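An overview of the molecular structure
Letter by letter, the chains look like this.
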Amino acid sequence: MERGRKEQKGNTGTGHLAWLDVLRAMATVSVVCVHVFSLAAAQLLPGCMPFRILDALTFTFLMCNPLFLMISGALLLPVSGERAVAFYAKRFTKAAIPLAVYYILYVCAKEGLSWLYPVNWFPMLQRILAGEPYEAPHFWLVYVILELYVLTPFLRGILQHIPDSVSVGVTAVIFAVNAFDLYFPLYGRSSFLSRIVDTSAGVFILGYVLSEKCDKRLERFLISGGVVSYALSVFRILYTDTYRILFNQNAPAVMLFSAAVFLTVRRMNEGKRSARFPVRLLSKYSYSILLIHWGTLHFAVKKVLKVDVMSGGIVGGCLLAVVLTLLISAAGAIVVDHLLIFPLQAFWRKAWAALAGKRRRADG
């Protein structure tokens, strides 16, 4: 989710990397597709073939959640030489400020502008700290990412000392831990690893491993495993009745498919410094589009424009809803970012720089 345009020392290569832009754009489009196809499936009788096709499409784009986490891990974890205080002041706030702005916008749109009165600022802060709002349930992913930001300075010190030779073992442990946490409860047993896995730390670390320590043998295994697991999962969705567990980002099938997409995009764009303009645009505003798209879909597209996701069959209306949601969300993200978020982030950077300078003078 980190949108920095330059990679710091310790990350893969130097300068801008096009494959990260492509992955962010894919994740952004995918998260919109998931919610559109889920909305369409909710209007059908469970078990019928159109319902199953929509579920298969939803599963296909469910890679969005692991991709966002892996991208953040690939960007944040390799960086070295950055103090924890500086990280929290610069990078954590870069994610936290947009969350707070869009949180307030959602609440005010639903409950009125009275939340902007100073008397309600502290209650609003309490609501933000309490987690995702009812008006925007998709914010859960952003809160997970912020939790991982909190862990990042500590994970860096551990991971950067892991030799490349054990990357296969690290990857195997991540998959095994997630699988245990997912499948143990099915047999009436509680996984002792759930407190760790539920933060999605394993997927976050996987992004670092795949971008920094993945050799060709592991890469081929994960790509081929992702293709096979995806094909088997789609077959299971279309022709069996026991597939709901696949709709979990910790499911091995989802993780394998997401890892395969991650590695394939990296391989196809390796060495490129720039992606096409639409990809760069989606990448630059991916975080804000992620935050705003829920309101765009359910209000602007569904209620104002009255787009029926089931019109034109099970695909036609969905495609129209996806395109409109992306276009309107991108426009809204650009406006909100430039009017509110960028000025607030600039103000914070100046305030932090002034505070840091004052401390240096005091120490000197």
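Procedures and definitions
- Residues numbered from 1 in each chain as written.
- Predicted model: local features only at pLDDT ≥ 70, side-chain atom pairs only at ≥ 80, totals over all residues.
- Heavy atoms only, no water.
- Helix = DSSP H or I, 4+ residues; strand = E, 2+ residues; numbered from the N terminus.
- Buried < 20%, exposed > 50% of the residue type's maximum accessible area, 1.4 Å probe, protein only.
- Contact = heavy atoms within 4.5 Å.
- Areas by Shrake-Rupley, 256 points an atom, 1.4 Å probe, with all protein chains shown as cover.
- Expected span 1.5 Å × (residues − 1).
- Salt bridge = Lys/Arg side-chain N within 4 Å of Asp/Glu carboxyl O.
- Phe/Tyr/Trp six-rings, centres within 6.5 Å; stacked < 30°, edge-to-face > 60°.
- Core = buried A, V, L, I, M, F, W, Y, C linked by side-chain atoms within 4.5 Å.
- pLDDT = per-residue confidence, 0-100.
- Polar contact = N/O pair within 3.5 Å; in protein donor to acceptor, adjacent residues only side chain to side chain.
- Disulfide = S-S within 2.5 Å.
- Axes fitted to C-alpha atoms, helices over the stretch in contact; angles between N-to-C directions.
- Parallel < 35°, antiparallel > 145°, perpendicular 65-115°, else oblique.
- Left-handed = near helix turned anticlockwise from the far one by under 90°.
- Nonpolar A, V, L, I, M, F, W, Y, C, P; charged D, E, K, R; others polar.
- Patch = residues over 30% accessible without salt bridge, like charges linked within 9 Å, V, L, I, M, F, W, Y side chains within 5 Å.

1. A few points about the overall build of the chain
- Counting its regular elements, the chain contains 14 helices and 0 strands.
- Sequence-ordered secondary structure for the chain, helices as α and strands as β, is α-α-α-α-α-α-α-α-α-α-α-α-α-α.
- Here the chain, with 364 residues, has 52% of them falling under the buried criterion.
- In the chain, the share of contacts with a sequence separation of at least 24, taken over all contacts with a separation of at least 6, comes to 82%.
- Accessible area of the chain: about 17700 Å², with a carbon and sulfur share of 68%.

2. So, helix 9 (residues 201-212)
- The terminal C-alpha atoms of helix 9, which comprises 12 residues, lie 17 Å apart, in line with the 16 Å expected from a rise of 1.5 Å per residue.
- Counting buried residues in helix 9 gives 11 out of 12 residues, a clear majority hidden from the surface.
- For helix 9, every residue scored as buried is listed here: A201, G202, V203, F204, I205, L206, G207, Y208, V209, L210 and S211.

3. Here's the deal with the side chain of S229
- By the secondary structure assignment, S229 is in helix 10 (residues 216-239).
- Overall, the relative accessible area of 11% leaves S229 in the buried class.
- Excluding its chain neighbours within four sequence positions, the residues that come into contact with S229 are A253, L256 and F257.

4. So, the pattern of salt bridges
- Scanning all chains against the criterion turns up 8 salt bridges.
- Between R52 and D241 there is a salt bridge, with its nearest N and O atoms 2.4 Å apart. With R52 in helix 2 (residues 49-61) and D241 in the loop between helix 10 and helix 11 (252-268), this pair connects stretches of sequence that are 189 residues apart.
- Overall, R52 belongs to the buried group, its relative accessible area being 9%.
- The salt bridge partner of E135 is R127, with a shortest N-O separation of 3.8 Å.

5. Quick look at the packing of aromatic side chains
- One pass over the structure, following the stated rule, counts 13 aromatic pairs.
- An angle of 35° between the planes, with centres 5.9 Å apart, marks the rings of F87 and Y149 as tilted. Of this pair, F87 sits in helix 4 (residues 84-111) while Y149 is found in helix 6 (residues 140-159), placing the two residues 62 residues apart along the sequence.
- Since its relative accessible area comes to 0%, F87 is described here as buried.
- Looking at Y149, the relative accessible area reads 1%, which means it is buried.

6. Concerning the nonpolar core
- If you look at the biggest cluster of nonpolar residues, it comprises 112 residues, and the most contacted ones within it are V36, L67, Y102, F139, L210, F262 and V309.
- The greatest single-element share of this core, amounting to 16 residues, is contributed by helix 1 (residues 18-41).
- Apart from the residues lying within four places of it in its own chain, the contact partners of Y102 are F139, S288, L291, I292, G332, A333, V336, D337 and I341.

7. A look at the environment of I205
- Positionally, I205 belongs in helix 9.
- The spatial distance from the C-alpha of I205 to the C-alpha of I71 is 9.9 Å, given a sequence separation of 134 residues.
- Once residues lying within four places of it in the same chain are set aside, the contact partners of I205 are L77, L155, L159 and I174.

8. Considering the confidence of the model for the chain
- In the predicted model, the chain carries a mean pLDDT of 86, and 89% of its residues have values of at least 70.
- Here residues 2-15 is a poorly scored stretch, pLDDT under 50, and it has 45 contacts once near neighbours within four places are set aside; other chains count.

9. What about the side chain of T296?
- Tracing the chain through its elements places T296 in helix 13 (residues 286-304).
- The class for T296 is buried, based on a relative accessible area of 6%.
- At a separation of 3.1 Å, a polar atom in the side chain of T296 contacts the side chain of S329.

10. A closer look at the state of the cysteines
- Counted under the stated rule, the structure contains 0 disulfides.
- In this structure C318 is a free cysteine whose sulfur lies 9.1 Å from that of C33, the closest cysteine sulfur available.
- Judged by relative accessible area, which is 0%, C318 ranks as buried.

11. Looking at the packing of helix 2 against helix 10
- Two numbers describe how helix 2 lies on helix 10: the axes approach to 8 Å, and their chain directions differ by 155°. Compared by their axis directions, helix 2 and helix 10 come out roughly antiparallel. Helix 2 and helix 10 meet at a crossing whose hand is right-handed. Residues M49, R52, I53, D55, A56, F59 and T60 of helix 2 form the contact with helix 10, whose own contacting residues are Y230, S233, V234, I237, L238 and Y239.
- Considered class by class, the residues forming the contact of helix 2 with helix 10 number 9 nonpolar, 2 polar and 2 charged.

12. Quick word on a nonpolar patch on the surface
- Together, F299, V304, L305, V323, L327 and I328 make up a nonpolar patch on the protein surface, roughly 560 Å² of accessible area in all.
- Of all the elements in the fold, those that place two or more residues in the nonpolar patch are helix 13 and helix 14 (313-363).
- The greatest single-element share of the nonpolar patch, amounting to 3 residues, is contributed by helix 14.
- Within the secondary structure, L327 is located in helix 14.
- On the basis of relative accessible area, L327 is assigned to the exposed category, the value being 57%.

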